[in-house]
Amino acid sequence: MKISLIEPLNVKAEVLEKLSAPLKEKGHTFISYDTLWKDTEELKDRVRDSEIVMLANHPFPAEAVEAAADLKMLDVAFTGIDHIAADACRDRDITICNAAGYSTETVAELILGMAVAGLRNMVKADERTRTGGTAAGLGGREIHGRTVGIIGLGAIGLQAAKLFLAFGAKVIAYNRSEKEEARALGIEYRTLDEVLAESDIISLNLPNNKLTKGMISKEKIALMKNDAVFINCARGPIVDNKALADALNNDELGFACIDVYDMEPPIPEDYPLLSAKNTILTPHQAFISEEAMERRAKIVFDNITAWLDGSPVNVCR
């Protein structure tokens, strides 16, 4: 079979060579690209004649599915698949597998780091230091003793909760289902509105789908404490980001730490959050670490091996 890795996996060349070697030894053709495609036409060229396509978090539209006439498996080196034309794959009976779990620790650690940075005025402190200032008025607040609200208690949300608990926080959560593991840790379940209203720190950890898109609306943002820290390392479209920027600029919300937007970076200059005060903005990097990149690379190659053996794993469709 022809297997095409159409975008970089951000691992060293020797790691990629080691992982792809067993497939080559079995007679499969493996092609990889170390740059992102420039346009849809180049993307279509990369997938033609491919029976298995590997990609990460960049959009894979219906046009690409149509161009890959021989495509049988789409191997996604990412947790979410909302950037994939899933309906087009379903119509062709193309199997979609993902890399669930590879970034759990990495994302959770950034969430915690963002909380510390927001509460302790790290951005202002850096600027003050570089301009000859002092620490006057920059002491900030501790995580210890504060209430942390986790919206979405999947693997990442639960790992983030464990880190906050280790810092001495009280953790409450909103999730469609309840887990005994969470209750055993002392996590208390609440309604969405209760989590928003009661929390000093709010971490959003939901997938983007028909049920969650726009969930954190202007009305929901208004429920948050005016000194709360809001963290989004999940998906941008879940939040009304214009309303979020307005709340920050009007001192109706304390701080926001945002890693995801309504589009993939680079962000347009007129995007509201870019000019909002009291923010830390990162370019969709929560899932990226050396360890996470190696974990996901192993997972997606294992996905191919399992599919070829007739026992597919991590199947999303």
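Residues numbered from 1 in each chain as written. Predicted model: local features only at pLDDT ≥ 70, side-chain atom pairs only at ≥ 80, totals over all residues. Heavy atoms only, no water.

(A) Spatial organisation of the overall build of the protein chain. Helices and strands together make up the secondary structure of the protein chain, namely twelve helices and twelve strands. The C-alpha atoms of the protein chain give 21 Å as radius of gyration, which agrees with the globular expectation for 317 residues (20 Å, within 12%). By residue count, 48% of the 317 residues in the protein chain fall in the buried class. For the protein chain, the share of sequence-separated contacts (at least 6 apart) that also reach a separation of at least 24 residues comes to 62%. When the accessible surface of the protein chain is split by element, carbon and sulfur atoms take 50% of a total near 15000 Å². (Helix = DSSP H or I, 4+ residues; strand = E, 2+ residues; numbered from the N terminus. Rg over C-alpha atoms; globule rule 2.2 N^0.38 Å. Buried < 20%, exposed > 50% of the residue type's maximum accessible area, 1.4 Å probe, protein only. Contact = heavy atoms within 4.5 Å. Areas by Shrake-Rupley, 256 points an atom, 1.4 Å probe, with all protein chains shown as cover.)

(B) Spotlight on the nonpolar core. Counting 77 residues, the largest nonpolar core has Leu9, Phe60, Leu74, Ile150, Leu153, Phe164 and Ile231 as the members making the most contacts within it. Beyond its immediate stretch of four places on either side in the chain, leucine 9 contacts Leu16, Ala77, Met293, Arg296, Ala297, Val300 and Phe301. Ranked by size, the runner-up nonpolar core spans 30 residues in total, among them Ile172, Leu204, Ala243 and Ala245. (Core = buried A, V, L, I, M, F, W, Y, C linked by side-chain atoms within 4.5 Å.)

(C) Region of the structure containing helix α2 (residues 40–47). Every buried residue belonging to α2 is among Leu43, Lys44, Arg46 and Val47, and all of these are buried. Around the axis of α2, the buried residues are gathered within 160 degrees of arc, so they sit on the same side. Elements that come into contact with the buried residues of α2 comprise β1 (2–5), β3 (52–55) and α3 (62–67). Of the residues that open α2, the one with a side-chain oxygen 3.2 Å from the backbone nitrogen of glutamate 41 is aspartate 39. One or two residues past the end of α2 sits aspartate 49, with phi positive at roughly 70 degrees. (Arc of directions from axis to C-beta. Polar contact = N/O pair within 3.5 Å; in protein donor to acceptor, adjacent residues only side chain to side chain.)

(D) Broad picture of the packing of helix α1 (residues 13–25) against helix α12 (residues 290–308). As a packed pair, α1 and α12 sit with axes 10 Å apart at the nearest point and diverge in direction by 5 degrees. Here α1 lies roughly parallel to α12, going by the angle between them. Contact with α1, carried on its side by Val15, Leu16, Leu19, Ser20 and Leu23, involves Glu294, Ala297, Lys298, Phe301, Ile304, Thr305 and Leu308 of α12 and no other residues of that element. Within the contact of α1 with α12, the residues separate by chemical class into eight nonpolar, two polar and two charged. (Axes fitted to C-alpha atoms, helices over the stretch in contact; angles between N-to-C directions. Parallel < 35°, antiparallel > 145°, perpendicular 65-115°, else oblique. Nonpolar A, V, L, I, M, F, W, Y, C, P; charged D, E, K, R; others polar.)

(E) Fine view of the packing of helix α5 (residues 104–119) against helix α7 (residues 155–166). It is the contact of α5 with α7, at a shortest axis distance of 8 Å, that shows an interaxial angle of 45 degrees. Relative to α7, the element α5 lies oblique. In this structure, α5 crosses over α7, and the sense of that crossing is right-handed. Here Thr104, Glu105, Val107, Ala108, Glu109, Ile111, Leu112 and Ala115 of α5 lie close against α7, whose contacting residues are Ala155, Ile156, Gln159, Ala160, Leu163 and Phe164. For the contact of α5 with α7, a count of residues per class yields ten nonpolar, two polar and two charged. (Left-handed = near helix turned anticlockwise from the far one by under 90°.)

(F) Fine view of the sheet that holds strand β6 (residues 147–151). Strands sit in the order β8-β7-β6-β9-β10-β11-β12 across an open sheet of seven strands; the sheet is parallel. For this open sheet the edge positions go to β8 (188–189) and β12 (279–281), each flanked by a neighbour on one side alone. The pairing of strand β7 (residues 170–174) with β8 spans two bridges and is classified as parallel. Following the sheet pairing, alanine 173 is matched in β8 by tyrosine 189. (Pairing = 2+ DSSP bridges.)

(G) Summary view of the sheet that holds β3. Read from one edge to the other, the open sheet built from five strands follows the order β2-β1-β3-β4-β5, with strand pairing classed as parallel. Each of the sheet's edge strands pairs with one partner strand only, and the pair in question is β2 (29–32) and β5 (95–97). In this sheet, adjacent strand axes meet at a mean angle of 15 degrees when their direction is disregarded. Contacting β1 and β2, α1 crosses the sheet at an angle of about 155 degrees to β2. Those strands touched by α12 are β1, β2, β3, β4 (73–76) and β5, and its axis lies near 155 degrees from that of β4.

(H) Quick look at the environment of threonine 79. Within the fold, threonine 79 resides in the loop between β4 and α4 (86–91). What makes threonine 79 partly exposed here is its relative accessible area of 36%. The spatial distance from the C-alpha of threonine 79 to the C-alpha of isoleucine 52 is 18 Å, given a sequence separation of 27 residues.

(I) Spatial organisation of the side chain of threonine 282. Considering the arrangement of structural elements, one finds threonine 282 in the loop between β12 and α12. With a relative accessible area of 14%, threonine 282 lands in the buried category. A polar contact of 2.6 Å, which involves the side chain of threonine 282, links it to the side chain of aspartate 259. If sequence neighbours within four positions are ignored, threonine 282 has contacts with Met114, Ile258, Asp259 and Tyr261.

(J) Looking closely at the layout of surface pockets. By volume, the largest pocket amounts to about 1100 Å³. Together, 41 residues line the largest pocket, and Gly80, Leu206, Pro207, Asn208 and Asn209 are the ones closest to its centre. Within the residue set of the lining of the largest pocket, elements represented by two or more residues are α4, α5 and α7. Tallying contributions element by element places α4 first for the lining of the largest pocket, with three residues. Looking at the second largest pocket, its volume works out to about 290 Å³. (1 Å grid on protein atoms, 1.4 Å probe; cavity = no way out; pocket = protein on both sides within 12 Å on 5 of 7 lines; lining within 4 Å. Points joined across faces, edges and corners; volume = space filled by probe spheres on them.)

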